Amino acid sequence: MKFGIFADTHDHLANIRLAVDRFNDARCDYVIFAGDLVSTFAIPPLRKLNCPMIASFGDNEGNKRGICGGMEIIGEIGEPPFCFRAPDGTRFLITHQFELARDLIEGSDVVVYAHTHRPRVSRDEAGRLLINPGETSGWSFGEPTIVLLETEAMQARIVQLVEQQ
């Protein structure tokens, strides 16, 4: 299965639209969001996704009730950390801050986290894939990124989020 992974949009609507376009171009089966949409007006661009979205709240969400309402037609959103089992059996642990999930990763195949705004794909000593998609907004470091994951090969790659010519 193909998964798009992103986080820390911080209301950057143009980059949210770019991320949605990349996920649709990649024909993702699911999109995972690891927190910090920030406000409800970040929801409308997500309605263009061609697949369901599984999302975690971050530490900067302003109107959780409004975000929950908007997410009802896009997918699911929950308080971190939580687990998600994909239809292909891949077990995800999704959180915004890795520290909240550090003691819960046993049994997961993939841990998705964010908060640092720095992209990173690595494996732990048990072979688990650890994915931080970086910041979709680009506000902090000027390098907006997302991640594309193929679960059959269990390979993930960081993708620079720039407009295609």
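A few points on the structure.

Parameters and conventions
- Residues numbered from 1 in each chain as written.
- Predicted model: local features only at pLDDT ≥ 70, side-chain atom pairs only at ≥ 80, totals over all residues.
- Heavy atoms only, no water.
- Pairing = 2+ DSSP bridges.
- Helix = DSSP H or I, 4+ residues; strand = E, 2+ residues; numbered from the N terminus.
- Axes fitted to C-alpha atoms, helices over the stretch in contact; angles between N-to-C directions.
- Buried < 20%, exposed > 50% of the residue type's maximum accessible area, 1.4 Å probe, protein only.
- Lys, Arg positive; Asp, Glu negative; His and termini not counted.
- Salt bridge = Lys/Arg side-chain N within 4 Å of Asp/Glu carboxyl O.
- Polar contact = N/O pair within 3.5 Å; in protein donor to acceptor, adjacent residues only side chain to side chain.
- Contact = heavy atoms within 4.5 Å.

Moving on: the sheet that holds strand E1 (residues 2-6). With mixed pairing, the 6 strands of this open sheet are ordered in space as E4-E3-E2-E1-E10-E11. Two strands bound the open sheet, and with one partner strand each, they are strand E4 (75-78) and strand E11 (155-160). Adjacent strand axes in the sheet meet at a mean angle of 20 degrees, parallel and antiparallel pairs treated alike. Judged from the 3 bridges that link them, strand E2 (residues 30-33) and strand E3 (residues 53-56) form a sheet pairing that is parallel. Along E3, the bridge assignment pairs Ile32 with Ile54.

Looking now at the side chain of Asp36. Of note, Asp36 is situated in the loop between E2 and E3. Although Asp36 is buried, it forms no salt bridge, and the closest oppositely charged side chain is Lys64 at an N-O distance of 9.0 Å. Of note is the side chain of Asp36, whose polar atom sits 2.9 Å from the backbone nitrogen of Asn60. Non-local contacts of Asp36, meaning those with residues more than four positions away in its chain, are made with Asp8, Thr9, His10, Gly58, Asp59, Asn60, Glu61 and His96.

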